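Results of the structural survey
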Amino acid sequence: MNEANTRRELIDKQLQKAGWKLDDASQVAKEHPIDKPDSGNVNDTQAPYGTRKLFADYVLFAKNGKPIAVVEAKSADKDARTGREQAKNYCLLLQQQYNCELPFCFYSNGDHVYFWDIGEVPPKQVVGYPSRSDLERMQTIRKQQRPLADELINPAIAGRDYQISAIRKVMEGVARRKSKFLLVMATGTGKTRTCIALIDALMRAGRIERTLFLVDRIGLREQAVKAFKEHLPNEPIWPKDGEKSIADDRRIFVATYPAMLNIVRDEETVLSPYFFDLIVIDESHRSIYNTYQEILQYFNTLTLGLTATPTDIIDHNTFQLFDCEDGLPSFAYTYEEAVNNVPPYLANFEVMKIGTRFQNEGINKRTISLDDQMQLIREGKEVAEINYEGTELERTVTNKGTNRAIIKDFWEVCVKDPNGVLPGKTILFCASISHARQVEDIINQEYAHYGDNIARVIVSEDRSVYGKGGLLEQFLQQDMPRIAISVDMLDTGIDLRELVNLVFMKPVYSYTKFWQMIGRGTRLLDSAKIKEWCPVKTKFFIMDCWDNFEYFKLNPKGRELKPTVPLPVRYAKVIIDKLAVATAIAEDDIALKEGSRLQVLADELPDKSIKIKQAKSDIDQLYEADFWTSLTTEKITFLSEQIQPLFATLAQVNFKSMRFRMMVLDTSLALLADDMERYESLKDSLKEFIVLLPLAVNKVARHEDLIRSVLGNRFWQEVTDDDFDMLADTLEPLIYLIETESSAGGMRKLNLSDTIETREMVEFGPENEAVSVSRYREMVESKIRELTATNPILQKLQAEEELSPDEQETLAEELYTENPHITEGLLRRVYQQQQADFLQLIKHILGIEILEAFEEQVSRAVADFIAGHTWLTSRQIDFLQAIKSYILQKGSIEKRNLTEAPFTLQHSKGVLGVFSPPQIKELLKLTEKFAA
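The rules behind each value
- Residues numbered from 1 in each chain as written.
- Predicted model: local features only at pLDDT ≥ 70, side-chain atom pairs only at ≥ 80, totals over all residues.
- Heavy atoms only, no water.
- Helix = DSSP H or I, 4+ residues; strand = E, 2+ residues; numbered from the N terminus.
- Buried < 20%, exposed > 50% of the residue type's maximum accessible area, 1.4 Å probe, protein only.
- Contact = heavy atoms within 4.5 Å.
- Areas by Shrake-Rupley, 256 points an atom, 1.4 Å probe, with all protein chains shown as cover.
- Axes fitted to C-alpha atoms, helices over the stretch in contact; angles between N-to-C directions.
- Parallel < 35°, antiparallel > 145°, perpendicular 65-115°, else oblique.
- Left-handed = near helix turned anticlockwise from the far one by under 90°.
- Nonpolar A, V, L, I, M, F, W, Y, C, P; charged D, E, K, R; others polar.
- Pairing = 2+ DSSP bridges.
- Expected span 1.5 Å × (residues − 1).
- Salt bridge = Lys/Arg side-chain N within 4 Å of Asp/Glu carboxyl O.
- Phe/Tyr/Trp six-rings, centres within 6.5 Å; stacked < 30°, edge-to-face > 60°.
- Lys NZ or Arg CZ within 6 Å of the ring centre and 35° of its normal.

This part covers the overall build of the protein chain. Counting its secondary structure elements, the protein chain contains 37 helices and 22 strands. With the C-alpha coordinates of the protein chain rotated into their principal frame, the extents come out at 105 × 90 × 45 Å. For the protein chain, the residues scored as buried account for 52% of the 932 residues in total. Taking as baseline every contact in the protein chain between residues at least 6 positions apart, the subset at least 24 positions apart corresponds to 71%. Per element, the accessible surface of the protein chain, about 43,900 Å² overall, is 47% carbon and sulfur.

Okay, structure coming up:
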């Protein structure tokens, strides 16, 4: 296709789709003449300006009649990027010719379009053209934007030192013309608040107008909308109640991935690729690299990723998506840093590991009690046939007695409410919905005297969970239910500061998911906002019933998770593999049938998808008759490499039905390939799935003969390829009747008494080394309270009377006699009071004179300084953190120290190279507080 045809057939239509009227000279000029430059400072890569006339392929005009964009066209068989310099030069010349703002630059070969905001951001490939209003809005932003270094951060939204540092890192990156950023911040450290404060600053600086905040489920969307309304109450937010269509009069947009993908693909919506200025991806997950990456490919924006996943666990795809060099995010703040901050920003946790007899030794004749054995015999069951490993619990067998033993033990050791009777807010993580229902029944049976609303199953499949007054809102905001029994739904994203207990009633193998689950309990509870049914929260309690903590000690990164291949891609692969085998053994009829099957599947590809539009010429080959008449190795390779990956775009399919069809097809492929070992294995798996069909349902009962023949041997004796097709066609419409948890239907259910056999505390987490310190404090405080009842000097002190020097010395000697570990030096270290004397420390212990720990004094002073000076750069914030570390280590700081090591590591001139003289004057007000 030559350039003229490319323009007529492709570029013209693309511009029209963006709303440009090609026959309106006030909007679009083709072959627009350009004045030759006054000087030779503009380059032309094709010819000297003196030897030819200059014409721009397309010039797009703003409403004021000035050029606002140039489109340079190249023929479809050329690389669009060959037009880059030519388009740039035309933009520069038009700016001079019209005395206007620099036009935006586009160059395209019809299939690929590149956009370049010259002098602002590097060129990038885009999916289409902006409308006139898009360009005018972009031009306004470019003209009105202010330097980000001068823009203050609102500390009322995000005022912690690390939050301000994270925002500065991103703002400095934007100023350097970067467009992708990744913030790694532990759950509970305020990722959303930090993001909102960043959006606020970018808006005030005139850098962005519209922001899209993407989440992966409805509950998190509602949570995000609430946060934006709280912190940016004057910004219009989409959606309002019941809204589905995008409204262009909003500035903040919150959506789930599937909802936004539908909007992007809806041609009636015609949402411009330039509609948003910033996209935030909250807790991006693996699906963003498959189907939902199309959202990021569609929009031409700044992109910010938020995640709580530790940096050493984040997979390569995430770093690659956000252009993170050397696996380093734009900013990271860990759980350990938050817990060890003084005062802490997050709660630490204590872990108790328990194991029942059946978990440790399995369920067999040796471990089943004699009473239970007799009961089994009375029920006509063979005790010898019951033989399960402990790891099979809640997988192939469920035992009510085991779950009852765990619940009873939890009730004894958990963190209780202030009355000491009922558990505080708790999440029980269960293996399946049937497991969760059984646990709920046990709690209702064992603790019925506390009411019927103490524990509730909260799962995404239950509609009563959502909305105002739903189960989730009740759990988060009301006294009851106290216990949420969850299957996956509450593993991530739920913000409940009152949460004090977590119970792992299932094994977890993903380290990322494991820490997300722990993160549900890490948020501290503001003592001023404690509800009457909430215990004071300094730590939270975890009961681990499945050795998860031990597993992650031995396997710090958990199981190596392979990249997830979407089901439609795997299904397409089976079709292509069978097609290849049929071709190789000259089964032409089967080959043609599988070719038709692939065509039918290709009919489902979303033609509005960017990926599918770009691959249209490849897909069209599937519908050419001669493509299938003589299948060659090259054609099979083409199907595998070019067509198969396209099925990742299929999102709106019945995955359960597709999985069944793939199982049947894969079994027929193994038989066709004469791979009998694999065939037998697949056949057994297929039988295990079909047996779950409920014959009690009339729709299923109509096909009982077929089902029984498949479950027996009759169907398989002389099975043909057509028989497999008949099996799939007949049973696929019934697959939805199988329980959501397929394992539940075939799981053996027992009710045998079980007992807790092992119970021990596990050391895991950033504060293990501090246990002895806390015990020391408890011991000292207990001893002093005990002595106060009989010691006249302590009684005098408690009455707030002055002690003479002799009385002070006597008190010190008496306390040392009672316990030689009660010394001024130890007390100073334990209570972090380097400058307090012995008497002040005793008063502090008695609650007469509350001393702020030295660490707290220093940390608070530095944090307040940062929050009060949000103009600080990220480098200056790092310098302040170095000052804090120095004071904590040395106990004091002098002005001269700021130009010595270790501060010369920050800059060879120390503070003089990082701060200006007026700023240093401000800084010295801080350091003087800690002078020797």
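This paragraph deals with the packing of helix H36 (residues 874–890) against helix H37 (residues 917–927). Contact geometry for H36 and H37: axes closest at 12 Å, N-to-C directions at 25 degrees. With respect to H37, the axis of H36 lies roughly parallel. For the pair H36 and H37, the sense of crossing is right-handed. Between H36 and H37, the contacting residues are Gln876, Leu880 and Ile883 on the first element and Gln919, Leu923, Leu926 and Thr927 on the second. For the contact of H36 with H37, the class distribution of residues is four nonpolar, three polar and no charged.

Most of strand S12 (residues 302–307) sits inside the fold, with six of its six residues counted as buried. The alternating pattern of S12 places Leu302, Leu304 and Leu306 on one face and Thr303, Gly305 and Thr307 on the opposite face, and all of these are buried. Relative to S12, strand S7 (residues 180–185) runs parallel, the two sharing five bridges. Within S12, the position partnered with leucine 182 by the bridge is glycine 305.

Before going further, it helps to spend a moment on H36. The end-to-end C-alpha distance of H36, which contains 17 residues, comes to 24 Å, matching closely the 24 Å that a straight helix rising 1.5 Å per residue would cover. Of all the residues in H36, the buried ones are Ser874, Gln876, Ile877, Phe879, Leu880, Ala882, Ile883, Lys884, Tyr886 and Ile887. Residues of H36 that are buried sit in contact with helix H4 (161–175), helix H35 (854–868) and H37. Glycine 891 lies just past H36 and shows a positive phi near 90 degrees.

Before going further, it helps to examine the pattern of salt bridges. Summed over the entire model, instances satisfying the criterion amount to 55 salt bridges. Notably, a salt bridge pairs arginine 523 with aspartate 495, separated by 2.9 Å at the nearest N-O pair. One end of the pair, arginine 523, is in the loop between helix H16 (511–518) and strand S20 (539–544); the other, aspartate 495, is in the loop between strand S18 (483–486) and strand S19 (499–504), and 28 residues separate them in sequence. Residue classification places aspartate 495 among the partly exposed residues on the basis of a relative accessible area of 33%. Among the charged side chains, a salt-bridge network with shared partners connects Lys578, Lys593, Glu594, Arg597, Asp721, Asp722 and Asp725.

Taken as a whole and judged by the stated rule, the model has 43 aromatic pairs. Summarising the aromatic geometry, the rings of tyrosine 298 and phenylalanine 299 are spaced 5.0 Å apart at their centres and angled 90 degrees between planes, so their arrangement reads as edge-to-face. Arranged with centres 6.0 Å apart and planes meeting at 25 degrees, the rings of phenylalanine 660 and phenylalanine 689 form a pair that is stacked. Placement of the pair is phenylalanine 660 in helix H24 (residues 655–672) and phenylalanine 689 in helix H25 (residues 676–690), with a sequence separation of 29 residues. You'll find phenylalanine 660 and phenylalanine 689 in the same group, each marked buried. An aromatic cluster of at least three residues, connected via ring pairs, comprises Tyr335, Phe349, Phe429, Phe504, Tyr509, Tyr511, Phe514, Trp515, Phe540, Phe549, Tyr551 and Phe552. Lying over the aromatic face of tyrosine 58, arginine 7 brings its terminal NZ or CZ to 5.4 Å of the ring centre. A cation over a ring is seen here: lysine 635 above phenylalanine 627, with NZ or CZ 5.1 Å from the ring centre.

We now examine the sheet that holds strand S10 (residues 252–256). Ordered by their spatial adjacency, seven strands build an open sheet running S9-S10-S8-S11-S12-S7-S13, and the pairing between neighbours is parallel. Among the strands making up the open sheet, the edge pair consists of strand S9 (237–238) and strand S13 (331–333). The strands that H4 touches are S7, S12 and S13; relative to S7, the one it contacts most, it runs at about 170 degrees. Running at roughly 165 degrees to S10, helix H6 (residues 218–231) makes contact with strand S8 (211–215), S9 and S10 of the sheet.

The next thing to look at is the packing of helix H19 (residues 588–603) against helix H28 (residues 721–731). Relative orientation of the contacting elements H19 and H28 amounts to 25 degrees, with a least axis distance of 12 Å. Taken together, H19 and H28 sit at an angle that is classed as roughly parallel. The two elements H19 and H28 cross, and the hand of that crossing is left-handed. Where H19 abuts H28, its residues Ile590, Lys593, Glu594 and Arg597 lie against Asp721, Asp722 and Asp725.

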